[in-house]
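Residues per chain are reported as follows:
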Amino acid sequence: MTMIVRGALWFGLYFFLILLPLATAAISSPARVAPSFIVELGVGAGFVGLALMCLEFALISRTKAAAQAFGEDALQLFHNLMGMAALGFLIAHPVLLFISGYPAQCWLNPLAGCANVATRTASLALYVLVVLVGLSIWRKKLGIKYELWQVTHGLFALFVLIAAMVHIFIVGRYTTTPIMKAVWLMYAILVTALLLYYKILLPILNWNKTWEVVENRLERGDSRTLVLQPVGHKGFSFQPGQFSWLKTGRTPFGLGQHPISMSSSGDVESGDQVAFTIKDLGDWSGQEVTALEPGDTMWLDGPHGVFSMDREQGMGYVFVGGGIGITPLYSMLQTMVEREDVRPVLLFYGGSNWESLTFREELDDLAGQMNLQIIHVLSQPPTSWEGESGYVTGEVMKGYLPKQYKRFVYFVCGPEPLMDAMEKVLPELGIPAQNVHTERFDMV
Amino acid sequence: MHHLVVKGVAVGLTILLIVAIVVFAILVKAPVG
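Residues numbered from 1 in each chain as written. Chains lettered and ligands numbered in written order. Predicted model: local features only at pLDDT ≥ 70, side-chain atom pairs only at ≥ 80, totals over all residues.

(A) Local environment of the overall build of chain B. Along chain B, the regular secondary structure elements total 1 helix and 0 strands. A buried classification covers 21% of the 33 residues belonging to chain B. (Helix = DSSP H or I, 4+ residues; strand = E, 2+ residues; numbered from the N terminus. Buried ≥ 20, exposed ≤ 12 C-beta atoms within 10 Å, placed from the backbone.)

(B) Looking closely at the overall build of chain A. Summing up its helical and strand segments, chain A has 14 helices and 12 strands in all. Projected onto its principal axes, the C-alpha positions of chain A cover 75 × 50 × 45 Å. Classification of the 444 residues of chain A by burial places 39% in the buried group. In chain A, once contacts between residues fewer than 6 apart in sequence are set aside, the share between residues at least 24 apart is 75%. (Contact = placed C-beta atoms within 7 Å.)

(C) Representation of the sheet that holds strand β1 (residues 210-219) of chain A in the model. All names here are of chain A. Taken in spatial order, the 6 strands of this open sheet run β4-β3-β6-β1-β2-β5, and their pairing is antiparallel. Strands with a single pairing partner mark the edges of an open sheet, and in this sheet they are β4 (257-261) and β5 (274-279). On average, each strand axis in the sheet is inclined to that of its neighbour by 40 degrees, with strand direction left out of account. Here β1 pairs with strand β2 (residues 223-231) via 9 bridges, running antiparallel. Bridge pairing in β2 places Arg 217 opposite Thr 225. (Pairing = 2+ DSSP bridges. Axes fitted to C-alpha atoms, helices over the stretch in contact; angles between N-to-C directions.)

(D) Up close: the sheet that holds strand β11 (residues 409-414) of chain A. Residue and element names in this part refer to chain A. Spatially, the 6 strands line up as an open sheet ordered β10-β9-β8-β7-β11-β12, and their pairing is parallel. Each end of this open sheet is capped by a strand with a single partner; those strands are β10 (388-389) and β12 (436-440). Where strand β7 (residues 317-322) and strand β8 (residues 345-351) come together, 6 bridges link them in parallel fashion. Along β8, the bridge assignment pairs Val 318 with Leu 346. Its contacts with the sheet place helix α11 (residues 326-338) against β7, β8, β9 (372-378), β11 and β12, and it is angled at close to 150 degrees to β8.

(E) Broad picture of the environment of Met165(A). Residue and element names in this part refer to chain A. Turning to its location among the elements, Met 165 is positioned in helix α7 (residues 146-171). By C-beta crowding, Met 165 is classed as buried, having 20 other C-beta atoms within 10 Å. With 23 residues separating them in the primary sequence, Met 165 and Ala 188 have C-alpha atoms 8.6 Å apart. Once residues within four sequence positions are removed from consideration, Met 165 is found in contact with Trp 184 and Ala 188.

(F) Layout of the domain arrangement of chain A. The domain boundaries assigned to chain A delineate domain 1 (3-205), domain 2 (210-304) and domain 3 (317-440). Each of domain 1 of chain A and domain 3 of chain A has a C-alpha centre, and these two points are 41 Å apart. (Domains from an automatic or database assignment.)

(G) Highlighting unusual backbone geometry. Residues and elements named next belong to chain A. Going from Gly 302 to Pro 303, the amide bond is cis rather than trans, its omega being -5 degrees. Along the chain, Pro 303 falls in strand β6 (residues 297-304). Positive phi, close to 50 degrees, is recorded for Asp 222, a residue that is not glycine. Here Asp 222 lies in the loop between β1 and β2. Overall, Asp 222 belongs to the partly exposed group, with 16 C-beta atoms counted inside 10 Å. The backbone of Glu 340 shows a phi angle near 55 degrees, a positive value even though the residue is not glycine. Its place among the elements puts Glu 340 in the loop between α11 and β8. Classification of Glu 340 as exposed rests on a count of 8 C-beta atoms within 10 Å.

(H) Region of interest: the interface of chain A and chain B. On the side of chain B, 19 residues touch chain A, which itself brings 28 residues to the contact. The residue inventory of the side of chain A that touches chain B, partitioned by class, reads 20 nonpolar, 5 polar and 3 charged. (Nonpolar A, V, L, I, M, F, W, Y, C, P; charged D, E, K, R; others polar.)

Printed below as a string of structure tokens:
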């Protein structure tokens, strides 16, 4: 089955599940007692918003079959966007009802004398959802630690779902019919099963699959490479360019999992070591990672991701990397050397200055062992710099791309500005969309 | 996957859902009074 067909099927299932409560309500509505068109619009917005919220759990559940069709950073972005859409629908829900004459005071103020369980659960769910989305959008600006945000995000989402479910069943406008009860019960089971699997079952299954830190070395660009050894299990091989979720701490349970690209060759024998390279961005990456010592224990959930040359064969490759986004590209290049792959690779490597280019010397070594040309592009070059300055642009790329460049496959990984620029530049250069593959390393 | 594609799909889907809600409201609306 091609990825396009698989993607279409998954999207079709997603669309079906969002509309299922709405369609069920329309078909099974016991008595057509609707006072107005606006009220039904409000009810419909509520059902769609709640269904979207339930499916938000599924979008980030790391289901490999779905992730392979879209890429996990795409699913993460879709999760973010549909979360905002859900908020929009769930705000529209009370607004439309207030327009129709529902008393706003009772529905918005949980302490009002006219408030009851139905109104209180509704207002609290809405307020918590606003906070949940707000924290997700402004987490970095507010300086909230990723681990703390991850906990609150999950708990708030669960609270919103439970409160909203209680609300719709107490109101009972459409939920009195057995079929409608069955639909929402199915959603409750879906969310519960996903949570139990990822928060309880998976950590239990991984309990004995520990990894030991063998080496923790400093790299250029405020980065660290962790070399990990599987303990008592086979570890895993992976497609170069993929990532894993890393977890430090005493148990595999709970908080603070971080998506990190593997920085070693993908062709790993059973029991072999795997390396990860992590940039110091403060909190976990700057504190816990820096403090890790040989012998310390970690847990991995992986490999994940579709950003790999193994999935996209081409006559040659153009890699565009910025900052720590070089990591998956470096993994692909090492794997090509090990496989004695002779296909040409052009690497545009953007960085602030010459000293901060992670894997600078290692990449030079690889260039001597394969058909690799590296073009460094520095935004703060030294005075004696004769290479490319500024940022990786279409103009810079045109100067190096071979005549057959439209038939090459492109992999781009780096910070947001680079990614946004490349998503405009590459189509302008005439590169077919199916030949361009991107991954945003700050997806969470 | 291209992020502009993802954004386009999200916007398109949201519009479709709004249309579906309108259709739902028309289908279940009862005559007033």
